[in-house]
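Read off the chains here:
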Amino acid sequence: MLLRHASAEPQGYNQEEDHEKPLDEQGKLDCKKLSDWLKKSFLDFDLVISSDAIRALQTSSLVFDPLNISVKKNDLFYLCSYEEILKYIKNLDNNISNIVVVGHEPSMSETMRELVSSVRPDLENYLKSAYMPCTMSFIYFNKKNWNELEKGDGLLEAYISPKILNEKNEKN
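Everything quoted here is computed from the prediction, not taken from an experiment. (Residues numbered from 1 in each chain as written. Predicted model: local features only at pLDDT ≥ 70, side-chain atom pairs only at ≥ 80, totals over all residues. Heavy atoms only, no water.)

Chemist: For this particular structure, what's the right way to read the packing of aromatic side chains?
Modeler: Two aromatic rings, taken as a pair, are described by how far apart their centres are and by the angle between their planes. According to the stated counting rule, one finds 6 aromatic pairs in the structure shown. Here Phe 45 and Phe 64 contribute two aromatic rings whose centre-to-centre distance is 5.5 Å and whose plane-to-plane angle is 75°, an arrangement assigned as edge-to-face. Of the two residues, Phe 45 is situated in the loop between α1 (25-41) and β2 (47-51) and Phe 64 in helix α2 (residues 54-64); the sequence distance between them amounts to 19 residues. The exposure classification of Phe 45 matches that of Phe 64, with both residues buried. For the pair Phe 141 and Trp 146, a centre-to-centre distance of 6.4 Å together with 70° between the ring planes defines the contact as edge-to-face. Overall, the relative accessible area of 10% leaves Trp 146 in the buried class. Through a chain of ring-to-ring contacts, the aromatic side chains of Tyr 126, Tyr 131 and Tyr 159 assemble into a single cluster. (Phe/Tyr/Trp six-rings, centres within 6.5 Å; stacked < 30°, edge-to-face > 60°. Helix = DSSP H or I, 4+ residues; strand = E, 2+ residues; numbered from the N terminus. Buried < 20%, exposed > 50% of the residue type's maximum accessible area, 1.4 Å probe, protein only.)

Chemist: Whenever I open this one, the state of the cysteines confuses me. Can you help?
Modeler: A disulfide bridge is the covalent bond that connects two cysteines by way of their sulfur atoms. A full pass over the atoms with the stated rule returns 0 disulfides. You can see Cys 80 has no disulfide; the closest cysteine sulfur is in Cys 134, sitting 18 Å from it. Of all cysteine sulfurs, the one in Cys 31 lies closest to Cys 134, which takes part in no disulfide; the gap is 4.2 Å. (Disulfide = S-S within 2.5 Å.)

Chemist: When you look at the nonpolar core in this model, what are you seeing that I'm missing?
Modeler: Buried together is how nonpolar side chains tend to be arranged in soluble globular proteins. Formed by 49 residues in total, the largest nonpolar core has its most connected members in Leu 34, Leu 38, Phe 45, Phe 64, Val 100, Met 112 and Met 136. Other than its neighbours up to four places away in sequence, Leu 34 contacts Leu 3, Val 63, Cys 134, Met 136, Ile 160 and Leu 165. (Core = buried A, V, L, I, M, F, W, Y, C linked by side-chain atoms within 4.5 Å. Contact = heavy atoms within 4.5 Å.)

Chemist: I tried to follow the packing of helix α3 (residues 82-90) against helix α4 (residues 107-115) on my own but got confused; where do I start?
Modeler: Helices that pack against each other are described as a pair by the angle of their axes relative to one another and the distance between those axes. Across the interface, α3 lies against α4 with an axial gap of 9 Å and an inter-helix angle of 65°. If you check the angle between α3 and α4, you find them roughly perpendicular. The interaxial crossing formed by α3 with α4 has right-handed handedness. Between α3 and α4, the residues in contact are Tyr 82, Glu 83, Ile 85 and Leu 86 and Ser 107, Met 108, Glu 110, Thr 111, Glu 114 and Leu 115, respectively. The residue inventory of the contact of α3 with α4, partitioned by class, reads 5 nonpolar, 2 polar and 3 charged. (Axes fitted to C-alpha atoms, helices over the stretch in contact; angles between N-to-C directions. Parallel < 35°, antiparallel > 145°, perpendicular 65-115°, else oblique. Left-handed = near helix turned anticlockwise from the far one by under 90°. Nonpolar A, V, L, I, M, F, W, Y, C, P; charged D, E, K, R; others polar.)

Chemist: What is the right way to look at the pattern of salt bridges in this model?
Modeler: Two side chains that carry opposite charge are able to pair once their charged atoms sit near each other. Inspection of every chain in the model, using the stated rule, returns 6 salt bridges. Between Lys 28 and Glu 25 there is a salt bridge, and its shortest N-O distance comes to 3.4 Å. With Lys 28 and Glu 25 both in helix α1, this residue pair falls 3 residues apart, about one helical turn. Judged by its relative accessible area of 58%, Glu 25 falls in the exposed class. A salt bridge links Asp 36 to Lys 32; the shortest N-O distance between them is 3.0 Å. Of this pair, Asp 36 and Lys 32 both sit in helix α1, 4 residues apart, which is roughly one turn of the helix. Assessed through its relative accessible area of 48%, Lys 32 is described here as partly exposed. (Salt bridge = Lys/Arg side-chain N within 4 Å of Asp/Glu carboxyl O.)

Below is the structure:
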């Protein structure tokens, strides 16, 4: 699974301070909604790895702490490429089944597009659209070993964003 950090404070941070940028109020609200949805969905997570940027760590904490899932911090996932994420995943222990990488744009959308070759018809548009803040993609790999993972091996099974969660809440 790939999770982009939630929306962050746009003001008061220059390029050199980008790493320290915190979430804004909307981002915090979106994290709570995502965490609630994940809890209701009864999903299992073996490992959550987050960029060490403040907004990514805050997103990870707000989404996964209520689910009693610990987060591992990794400085590699700040300003990284798809290749760096894939290399990290390929080196995971095979006892780990379900992972979440919490990171940034453009690496989240790039990673999703590079790993996915199959997609449910109702999710096709998401491969081409912007990967908005606090959006999570669920990618299935029919592999027994992480080191066998290659470009295009994934199936996009689900895609959840604040907009989709708001639409679901309006229907209920």
